[in-house]
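# Descriptive structure summary
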Amino acid sequence: MPSSTRHLRLVAAACALFAWASAAQAAPVGHGHITASTALGQFSVFSIGQMVDGITADSPFNGYASGPATPVGRITLTLDADYDLDSFSLWNDINISNEGVRSFTLSFEDASGGSLGSTGVFSAVSQFAAQVYGFASVANVRRVHMDVLTSNLQIEIREVAFNGTLSAPGGSVPEPASLLLAAAALGAAAGATRVSARR
Ligand SMILES: [Ca+2]
Ligand SMILES: [Ca+2]
């Protein structure tokens with residue numbers, strides 16, 4: 001490999017590591033980071049995208065509503081990158097008939113579709129504030145299946161989000177020593193590039 005290519009790769013790897021390090025703080029992973037999909041149909045105008053549009057208000061019927069006579073089933077939440085997740089927030093339906101989710105599980109997949117495990121059964125009620133469900137942190141999640149086991153009349157969900165951090169590049173969390181090595185590599189690569197530029 002030409003040395004300039006090697007230097008570029010080192011610089012790219014170090015930059016990726018630093019970008020991850022600066023972004024890796026627990027933050028909501030919701031609107032803008034999740035695409036929701038389902039085969040459960042849609043009641044009226046209440047499309048699946050409304051459960052991840054960032055709007056948690058109920059004004060007056062905001063959110064997703066499943067098709068008639070589909071009170072249970074799977075909703076898939078695909079993330080825009082790999083995240084290490086540790087909780088899930090559900091803004092359940094509250095309006096008129098308190099339709100909405102009553103129990104569900106979450107199962108996690110990596111970017112290749114490999115299983116990363118599932119939660120136990122969570123219970124839900126219809127209330128305005130989000131219900132937050134903590135679980136043992138799951139690393140490198142790209143897709144989450146929300147399997148609704150029971151609901152009141154039909155599935156109606158105002159909004160969902162996760163809490164977590166961007167996963168480390170390469171799928172493992174670097175130690176501080178690795179960050180220092182990366183910094184050294186970045187410096188060395190920059191120096192070497194300057195030397196070769198003078199030649
Ligand atoms: Ca919404
Ligand atoms: Ca409703």
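Just above sits the structure.
Everything numeric here is computed off the predicted structure, so don't read it as measured data.

Cut-offs and rules
Residues numbered from 1 in each chain as written. Chains lettered and ligands numbered in written order. Predicted model: local features only at pLDDT ≥ 70, side-chain atom pairs only at ≥ 80, totals over all residues. Helix = DSSP H or I, 4+ residues; strand = E, 2+ residues; numbered from the N terminus. Buried ≥ 20, exposed ≤ 12 C-beta atoms within 10 Å, placed from the backbone. Contact = placed C-beta atoms within 7 Å. Pairing = 2+ DSSP bridges.

Next up on the list: the overall build of the protein. Assigned secondary structure in the protein consists of 2 helices and 9 strands. Classification of the 199 residues of the protein by burial places 27% in the buried group. Put simply, of all contacts in the protein between residues at least 6 apart along the chain, 78% involve residues at least 24 apart.

So, about the pairing of strand β8 (residues 131-152). Direction of pairing for strand β4 (residues 73-92) relative to β8: antiparallel, over a ladder of 12 bridges. Bridging across to β8, Ser 87 finds its partner in Gly 134. When strand β5 (residues 100-109) meets β8, the two strands line up antiparallel, connected through 9 bridges. Bridging across to β8, Ser 107 finds its partner in His 145.

Let us now look at the environment of Val 144. When you line up the elements, Val 144 lands in strand β8. The exposure class of Val 144 is buried, given the 25 C-beta atoms found within 10 Å. For Val 144 and Asp 110, which are 34 residues apart along the polypeptide, the C-alpha to C-alpha distance reads 8.9 Å. Residue contacts for Val 144: discarding those within four places in its chain leaves Leu 77, Leu 106 and Phe 108.

By the bridge criterion, 3 bridges tie β5 to strand β6 (residues 115-118) in an arrangement that is antiparallel. Opposite Ser 107, over in β6, you have Ser 118 as the bridge partner. Taking the residues between adjacent antiparallel strands as the criterion, β5 and β6 are bridged by 5 residues, where Gly 113 takes a positive phi near 85°.

A positive phi angle, close to 55°, is found at Ser 44, a residue other than glycine. Tracing the sequence through the fold places Ser 44 in the loop between β2 (34-38) and β3 (64-65). For Ser 44, a count of 9 C-beta atoms within 10 Å puts it in the exposed group. Even without glycine at this site, Asn 98 takes up a positive phi of about 50°. Topologically, Asn 98 is positioned in the loop between β4 and β5. By the C-beta count within 10 Å, which is 15 here, Asn 98 ends up partly exposed.

This next bit is on the environment of Gln 154. When you line up the elements, Gln 154 lands in the loop between β8 and β9 (156-166). Given 23 C-beta atoms within a 10 Å radius, Gln 154 is considered buried. For the pair Gln 154 and Val 101, spaced 53 residues apart in the sequence, the C-alpha separation amounts to 7.8 Å. Among all residues touching Gln 154, those that are not within four sequence positions of it are Phe 43, Ala 65, Ser 66, Pro 68, Thr 70, Pro 71 and Glu 99.

Note on placement: Ile 55 falls in the loop between β2 and β3. Note: C-alpha distance between Ile 55 and Arg 158 (103 residues apart in sequence) is 7.5 Å. Leaving out residues up to four positions away in the same chain, Ile 55 has contacts with Asn 62 and Glu 159.

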